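Overview (structure and organization)
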Protein chains: 2
Amino acid sequence: MKGMILVIDGLGDRPVQKLGNKTPLQKANTPNLDKIAENGINGIMDSIAPGIRPGSDTAHIAILGYDPYAVYTGRGPFEAFGVGLNIKAGDIAFRCNFSTVDDEFIVVDRRAGRIKEDTSPLIEELNKMKIEGYEDIEIIFKKSTGHRAVLVLRGANLSDEITDADPKVVEKPLKTVYPTENSSNAKKTADLLNKIIKESYNVLKNHPLNLNRIGNNEIPANIVIPRGVGIVPEVEEFNKKYGLNSACIAETGLIIGIARFAGMDIIEVEGSTGSVNTNLDKFIDTILNAVNNTDHDFFLINIKGADESGHDGNAEEKMKFIEKVDKIVFSKISQLQNIVTIVTADHSTPVTVKDHSADPVPVLIYGNGVRVDDVKRFNEIDSVKGGLLRIRGSDLMNILTDLMDKTHKFGA
Amino acid sequence: MKGMILVIDGLGDRPVQKLGNKTPLQKANTPNLDKIAENGINGIMDSIAPGIRPGSDTAHIAILGYDPYAVYTGRGPFEAFGVGLNIKAGDIAFRCNFSTVDDEFIVVDRRAGRIKEDTSPLIEELNKMKIEGYEDIEIIFKKSTGHRAVLVLRGANLSDEITDADPKVVEKPLKTVYPTENSSNAKKTADLLNKIIKESYNVLKNHPLNLNRIGNNEIPANIVIPRGVGIVPEVEEFNKKYGLNSACIAETGLIIGIARFAGMDIIEVEGSTGSVNTNLDKFIDTILNAVNNTDHDFFLINIKGADESGHDGNAEEKMKFIEKVDKIVFSKISQLQNIVTIVTADHSTPVTVKDHSADPVPVLIYGNGVRVDDVKRFNEIDSVKGGLLRIRGSDLMNILTDLMDKTHKFGA
């Protein structure tokens, strides 16, 4: 028996006046999803807890059975996992921007004119950096998309109890990094980071790529500004925790980062854009191939588009994307055999809020052994009447693995 | 006002194809239970938490309001309570088998040919045991049923951080017990246990009962092999915790052990077999007598048969046993006065799984003051629609004692 959690990112919503006070999911024509709901058990879910507005990252952490309050030490580690850095418990990780400063370290542009060139040559130079007095600390840069990068510090006696260097606005000076606790580790890490930032300016300001940009009347990517510090947490590997051989199929680095953090394999999808124009045909083909032709027995799947429409406040687009997912993806999901399928969202992204909200999301479980209830439609209103009632994200893996008969009895 | 939790062990189930995709409870004809449901408040319950597959022991611990993760240190202490040993917090307890080894301590039979004789004479000799260097430690053996026994070590500086001696299979040597942490207490306890096991061989090998068995061509019960180590936890007595005078009516040593652990009185039932052929007439007479004619004001009741049918995968038998319990027991339960009655299960034992599962169980509360809902049948599907919604085992005693008006206001 295999298992799958299919997350439609940001699916949950609130009643929308121009949809006749229905939610986009409620208003959408979703015959395939509804058929699965009718033959499954339904309910609503708070990914973290009632009233807690989750990020996609913290929600997925909770859904995978980890406590986000314990393991989500900052965005840095999950960005580092996302770009495929092989980071280890105890590493200190940051997300970074390539930025532009003047020679008095006043920020001119936080994103270096949204630099389009491949930043690999800049990263290569940065990775040669040595800071006097900190020769025992490994300083690791890795590029991400566009102006984005990741910085990891590895070594003894480091701390994530430090402030940000990023002033978050232009025309302000770079912030000095301070320790936020009175410990020698925090003082050491803050001092090291200040020196790394200054040294990045020395490394980058006359780099050929930047001289070329200046020659083209573009602003140079002449400094790295780190933020979102976090210490990489020590956690039990997902496969070991649940006795599974797991894989993730997702469209965004953020979710892939969470999956890598949990130690899952990553299956890539061709033509994926993370948007409503993503190639859903390739997406469902990838799912079917993974389920039917690999040794993986658990899949975390994330389809992103609905969240984007939510952030854009576009109810019509959200509804139409849901209908497209129903037609292309769920028509085939319902035909899978020997798999327990969970369909849910990581959080609501109401078009009226244009951001995540804490409203619970619908959840359904379909497959062998479930106590089928009388819910006939999958949405924020109908799913409430189902047999699961109201559960939490942290319950999901336990319920799924129990239905897969993978759990161990606690006691006799 | 009195109170009662009546647990039908392993009652919960999943849809069964040959019962028309109904559960045994759903398919069963249970007019008396349904009448109680119709006049009560209903819901579903996770005895520990959603997705957690409970043992009968850990589920009952949770239902009685104790945290099984804190107090369930191992099976040993609960077996020791079950055989009626007066054990104390800090004691180290083991379940044991009388087993058969050869003179090189290779295990020949883990159950000494399922010895049928009364093992009291062996226990009597074992209880005279003194181990050199450990004269301050009390070594207490007590017999259980058949080849089973219990060992308790009492004294200062002992630990339950040790491995098992039981190889679990035959034709393997007895395992040496090792400490699982680097503490002098763990090292001391492991060393003592190794010496006790060896000494049990010296005590038993030429015991007259064994010489007699050998004369009859039976293998001797020539060693004791302990397993399931646990330290007896310190807990508040149940009666004190809830202001009650409680008693347990149950069929199995495991449940009676939990009740003794909580400090409850035990009321025995004549003719009880712990099986579907148990004497339910005597059972209900015992309940009625206890409720009407004793000073006890709370009863934990456990009827075992349905769980057995679940483990056997026998849907028809499970359904018929439920109907028998309805007819004999619930016809009279519904007539009791001045008592708040909770009917539930400790866990599901689906006939399709043949073991416990994490599926929630139905729960109903009947008696003065409850908010009667519109649920008309007591089962895994209908109870979901009731006024209790989804609760946990750990909520049960609090809800019950509140309805009994025994709780104290928290705050002003």
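A brief structural summary. Model, not experiment: these values are computed from the prediction.

Of all hydrophobic cores here, the largest spans 96 residues; its most connected members are Met4, Ile5, Phe238, Phe298 and Ile333 of chain B. Of all the elements, helix 13 (residues 315-333) of chain B adds the most residues to this core, at 9 residues. When residues of this core are assigned to domains, at least three fall in each of domain 1 (2-72 + 235-403) and domain 2 (79-231) of chain B. For Ile5 of chain B, the residues in contact, after removing those within four places along its chain, are Ile63, Phe298, Phe299, Leu300, Ile301, Ile342, Thr344, Leu396, Met397 and Leu400 of chain B. Judged by nonpolar contacts, the second largest core, of 91 residues, contains Ile140, Ile249, Leu280 and Val370 of chain A.

Each side of the interface is counted separately: chain A has 24 residues, and chain B has 36 residues. Each partner contributes to the roughly 2,200 Å² buried at the junction of chain A and chain B, and carbon and sulfur atoms together form 53% of this total. When residues of chain A are sorted by the area they lose upon contact with chain B, Arg371, Phe410 and Ala412 of chain A head the list and together hold 38% of the total. Lys385 of chain B is the salt-bridge partner of Asp374 of chain A, the closest N and O atoms lying 3.0 Å from each other. Summed over the shared surface of chain A and chain B, the number is 17 residue pairs in polar contact (both at pLDDT 80 or more). Going through the elements one at a time, strand 13 (389-392) and helix 14 (393-403) of chain A are the ones with two or more residues in the side of chain A that touches chain B.

Attention shifts here to the side chain of Arg154 of chain A. Residue and element names in this part refer to chain A. With respect to the element layout, Arg154 can be found in strand 6 (residues 148-154). Exposure remark for Arg154: the relative accessible area of 17% places this residue in the buried category. Of the polar contacts made by the side chain of Arg154, one reaches the backbone oxygen of Asn86; its length is 3.2 Å. A polar side-chain atom of Arg154 sits 2.7 Å from a polar atom in the side chain of Asp91. Discounting residues that sit within four places of it in the chain, Arg154 has contacts with Asn86, Ile87, Lys88, Asp91, Asp136, Ile137, Glu138 and Ile140.

All names here are of chain A. On the surface, a cluster of positive charge is made up of Arg111, Arg114, Lys116 and Arg148. By the secondary structure assignment, Lys116 is in the loop between strand 4 (107-109) and helix 6 (120-126). Taking relative accessible area as the criterion, Lys116 reaches 73% and is therefore assigned exposed.

All right, on to the side chain of Glu380 of chain A then. Residues and elements named next belong to chain A. Examined against the element boundaries, Glu380 turns out to sit in the loop between strand 12 (361-366) and strand 13. For Glu380, which is buried and forms no salt bridge, the nearest opposite charge comes from Lys318, at a distance of 6.2 Å. Only 2.9 Å separates the side chain of Glu380 from the backbone nitrogen of Asp13, close enough to count as a polar contact. Looking at Glu380, its side chain comes within polar contact range of the side chain of Thr23, at 2.7 Å. In contact with Glu380, not counting residues within four places along its chain, are Leu11, Gly12, Asp13, Thr23, Leu25, Gln26, Ile44 and Pro362.

So, how was this worked out
Residues numbered from 1 in each chain as written. Chains lettered and ligands numbered in written order. Predicted model: local features only at pLDDT ≥ 70, side-chain atom pairs only at ≥ 80, totals over all residues. Heavy atoms only, no water. Core = buried A, V, L, I, M, F, W, Y, C linked by side-chain atoms within 4.5 Å. Buried < 20%, exposed > 50% of the residue type's maximum accessible area, 1.4 Å probe, protein only. Helix = DSSP H or I, 4+ residues; strand = E, 2+ residues; numbered from the N terminus. Domains from an automatic or database assignment. Contact = heavy atoms within 4.5 Å. Buried area = accessible area lost by both parts, 1.4 Å probe. Salt bridge = Lys/Arg side-chain N within 4 Å of Asp/Glu carboxyl O. Polar contact = N/O pair within 3.5 Å; in protein donor to acceptor, adjacent residues only side chain to side chain. Patch = residues over 30% accessible without salt bridge, like charges linked within 9 Å, V, L, I, M, F, W, Y side chains within 5 Å. Areas by Shrake-Rupley, 256 points an atom, 1.4 Å probe, with all protein chains shown as cover. Lys, Arg positive; Asp, Glu negative; His and termini not counted. Charge placed at Lys NZ, Arg CZ, Asp CG, Glu CD.

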